[in-house]
Amino acid sequence: MTGNATTVAPIRATVHRLGDEVSTDIHCSAKYNMGKSVQWLAEHAFEQLQPGFAQRVRPGDVIVAGKDFGINSSREQAVHVLRAMGVSAVVAQSFGRQFYRNAINNGLPIAECDVSKIKDGDTIEVDVAAGRIAVPGSGFSAEVPKLPPAVLALIAAGGLLPFLKQHPDWALPTA
Amino acid sequence: MGHTLAEKILGARSGGAPVNAGDVVVARVDFAMVHDARAANALKAVATLGFDELPNAARTAFVLDHFSPPPSREAANVHADMREFCERTGAVIYDVGDGICHQVLPENGHFTAGDLVVGTDTHSTTYGAFNAYGTGHEGTDVAAILATGRTWFRVPETLRVELTGRLGPGVWAKDVTLAMLGRLGAEGANFKVIEYTGSAVAAMAIDDRMTLSNHAAELGAEAAILECDDKTVAWLAAHGAQAPRPVVADADARYADRFTIDATTLAPKVAHNHDIGDVVDVSALAGQPVHVGLIGTCTNGRLDDIRQAASMLKGRKIAKGVRLVVTPASRAIYLAAMREGLFEILTEAGASVDAAGCGTCVGITHKLMSADRERVISSANRNFKGRLGNPESEILIASSATVAASALTGRVTDPREFAFDIRSAA
Ligand code: SF4
């Protein structure tokens, strides 16, 4: 994910489905689990919503959620936990505003899409650079707003801090 | 096509011309803030970046407010790291007891109308009360701002709300926001900027306007920006801010939605059921017993809140068994309330006064634990289960006036039952 990549490669992986308004503060960070390590959280993330959720996630898998994934104050650590779980992308109907930033700032690809036809266990294709989400098994395919080049550049660099190390002058591609 | 306040401020800070909702821009940030609960993360990000120079340090404040005073060794160590960082880099520091970040930034003139302000806290929307774009980001963003003076933004859509008429006595900006939460639900304006306008906003004192912008965080707002008027300009000047650069939305700006709320008919509101979006008129809960009252926090810990409470508690006693805690939002407010004799009135009435800071807003300091099956009525902003440390205790959210009235009777009480009007004093 680091280096001089300028675009974000397509992902093909298994879907783990969550519902609407999942608060990453509550289910995926130490905000209400004081003193817990990222590794501990990665083993217990979302278990109050779905027992055994974290154990089912394999490296490279994708979380698909409903509306406002990551609402509330949403700590940056939630993205670190998703990373530690091996999650390669999150697709949701919509995101909490701060989760959206935290994902991009930490190099996690995200996409906003109508998720009503995407089911747990589906094999999903996520191409944030081309703006396409598909589930070949069910024939579902959707065009989604392409992430702006500037956002793709941040994700491709592995996040905001690695990006700034390479480009302290903020030389972002323009739309 | 015209532009919203957010499109104009982000445009001015990223090249000059107004930008459009959906654009991604890199914008120059006028002032940044890091508080103690997020400082460890922010300082780690600064270290990861590893830049020799932090040219924006002098325009960044570190505020020791959440753990104030620190309840644990870990919190005290974070404070020590923050002091060391500020000493080394020239960043501004507000130490224990100076007050809550969202109060000390405007009080110390750190930004002005037209500015872009980023803090590591959701309620950084407060700065919108001064016609500035104030928003909450995480430590990584503030590290970028410290090192480069800039960060990126996805320009949000805007919701325009006109508050017509005028709030009646005993009804406050808190009740307006609770009405908004009842209408849109918690996070119902996720990622949007809210522009509040209209005669009821114009009539509000600055303290109440700050509540309006602050509490928009519970609506999920990216910012809540008010217009700049004579009151704004006078307040900024009195607090040593740079000359304001007022920003005005265009009449033909494009909004995601717009609607009107008639302020004149609004009644005091209460959020209950551990859901800030579950809002009813105070009459619906009137008579329910309350055991703990909190007046304070960045939402309602300002001088006008303390004046409201004092005007109602003067010469009276709070109900037997009720604990009422008042936490001024800043040292300046603490001093002003003391000089006005408000603390004498409150203390005689049976309340206790806490040092300035976040105080009892959040359970992390374990400063005021309520018992199982007790009901807390608080002027704070959040009431999810366990916010104050005991998940077996119910939390109601209401205005300071409603909290004071309820502490007096020991039951949820409409503040309009007590004749008072502090607006003339405000
Ligand atoms: S007063 Fe409460 S809501 Fe405000 S900054 Fe402090 S902890 Fe957060």
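Here, every reference points to the structure presented above.
Here we summarise the structure given alongside this text. Just so it is clear, the model here is predicted, and its values are computed rather than measured. Sequence order sets the numbering: in each chain, residues are counted from 1 along the sequence as written. By the order in which they are written, chains take letters starting at A while ligands take numbers starting at 1. With the structure being a predicted model, the display of local features is reserved for residues of pLDDT at least 70 and the display and counting of side-chain atom pairs for 80 or more, all residues being used for whole-chain, interface and lining totals. Excluding hydrogens and water, the side-chain values take into account all heavy atoms of the structure.

**With respect to the interface of chain A and chain B**
Here is step 1 of the chain: At the interface, 33 residues of chain A touch 34 residues of chain B.
Here is step 2 of the chain: Here the buried area means the combined drop in accessible surface, using a 1.4 Å probe, for two parts upon being joined, counting both sides. For chain A, the biggest contributors to the area lost against chain B are A:Arg97, A:Arg101 and A:Trp170; these three give 28% of the whole.
Here is step 3 of the chain: Salt bridges are defined by distance alone: a side-chain nitrogen of Lys or Arg within 4 Å of a carboxyl oxygen of Asp or Glu. Taken together, the connections running from chain A to chain B amount to three salt bridges.
Here is step 4 of the chain: When the shortest N-O distance is used, the salt bridge between B:Asp141 and A:Arg101 registers 2.5 Å.
Here is step 5 of the chain: A 3.5 Å cut-off defines polar contacts: any pair of N or O atoms within that distance qualifies, except that in protein one atom must be a possible hydrogen donor and the other a possible acceptor, and neighbouring residues in sequence count only when both atoms are side-chain atoms. Our count for the chain A to chain B interface comes out at 19 residue pairs in polar contact (both at pLDDT 80 or more).
Here is step 6 of the chain: The secondary structure listing takes helices from DSSP runs of H or I that are at least 4 residues long and strands from runs of E that are at least 2 residues long, numbered from the N terminus. Every element with two or more residues in the side of chain A that touches chain B is listed here: α5 (97-105), α6 (149-157) and α7 (160-166) of chain A.
Here is step 7 of the chain: With seven residues, α5(A) is the largest single contributor of residues to the side of chain A that touches chain B.
Here is step 8 of the chain: Polarity classes work like this: nonpolar for Ala, Val, Leu, Ile, Met, Phe, Trp, Tyr, Cys and Pro, charged for Asp, Glu, Lys and Arg, and polar for all others, with Gly in that last group. The class makeup of the residues in the side of chain A that touches chain B is 16 nonpolar, eight polar and nine charged. Contacts are assigned to residue pairs with any non-hydrogen atoms lying within 4.5 Å of each other.

**Overview of the nonpolar core**
Here is step 1 of the chain: In this description, a nonpolar core means a group of buried Ala, Val, Leu, Ile, Met, Phe, Trp, Tyr and Cys residues linked to one another through side-chain atoms lying within 4.5 Å. Buried means the residue's accessible area, taken with a 1.4 Å probe over protein chains only, is under 20% of the maximum for its type, while exposed means over 50%, and partly exposed covers the values in between. The biggest cluster of nonpolar side chains holds 100 residues, and the ones touching the most others in it are B:Leu163, B:Ile194 and B:Tyr196.
Here is step 2 of the chain: Those residues within four positions of B:Leu163 in sequence are excluded, and the remaining contacts are B:Val176, B:Tyr196, B:Thr197, B:Gly198, B:Ser199, B:Ala200, B:Val201, B:Met204, B:Leu212 and B:Ile261.

**A short note on the sheet that holds strand β9 (residues 193-197) of chain B**
Residues and elements named next belong to chain B.
Here is step 1 of the chain: In space, the four strands of this open sheet follow the order β10-β9-β8-β11, with parallel pairing throughout. Bordering the open sheet on either side are β10 (223-226) and β11 (257-262), each of which pairs with just one other strand. Each adjacent strand pair in this sheet contributes to an overall mean axis angle of 20 degrees, direction not counted.
Here is step 2 of the chain: Here, strands pair whenever DSSP counts at least two bridges between them. Relative to β10, β9 runs parallel, the two being bridged by four bridges. Bridge assignment links Ile194 to a residue of β10, and that residue is Ala224.
Here is step 3 of the chain: Only the stretch in contact is used when a helix axis is fitted, and all axes are lines through C-alpha atoms; the angle between N-to-C directions ranges over 0 to 180 degrees. The strands that helix α8 (residues 206-214) touches are β8 (158-164), β9 and β10; relative to β10, the one it contacts most, it runs at about 150 degrees.

**Description of the site of the ligand**
Here is step 1 of the chain: Nearness here has a simple test: a residue counts as near a molecule or strand if at least one of its heavy atoms is within 4 Å of that partner. Around the ligand, the neighbouring residues are B:His66, B:Ile100, B:His102, B:Asp121, B:His123, B:Thr297, B:Cys298, B:Cys358, B:Cys361, B:Val362, B:Asn381 and B:Arg387.
Here is step 2 of the chain: Here the shell around the ligand is built from residues that sort into five nonpolar, five polar and two charged.

**Quick word on the sheet that holds strand β3 (residues 60-63) of chain B**
Residue and element names in this part refer to chain B.
Here is step 1 of the chain: Reading across the sheet, the five strands line up as β4-β3-β2-β5-β6 and stay open at both edges, with parallel pairing between neighbours. Bordering the open sheet on either side are β4 (92-94) and β6 (133-136), each of which pairs with just one other strand. Pairs of neighbouring strands in the sheet enclose a mean axial angle of 20 degrees, with direction left out of account.
Here is step 2 of the chain: Bridge analysis of strand β2 (residues 31-35) against β3 gives four bridges, and the strand direction is parallel.

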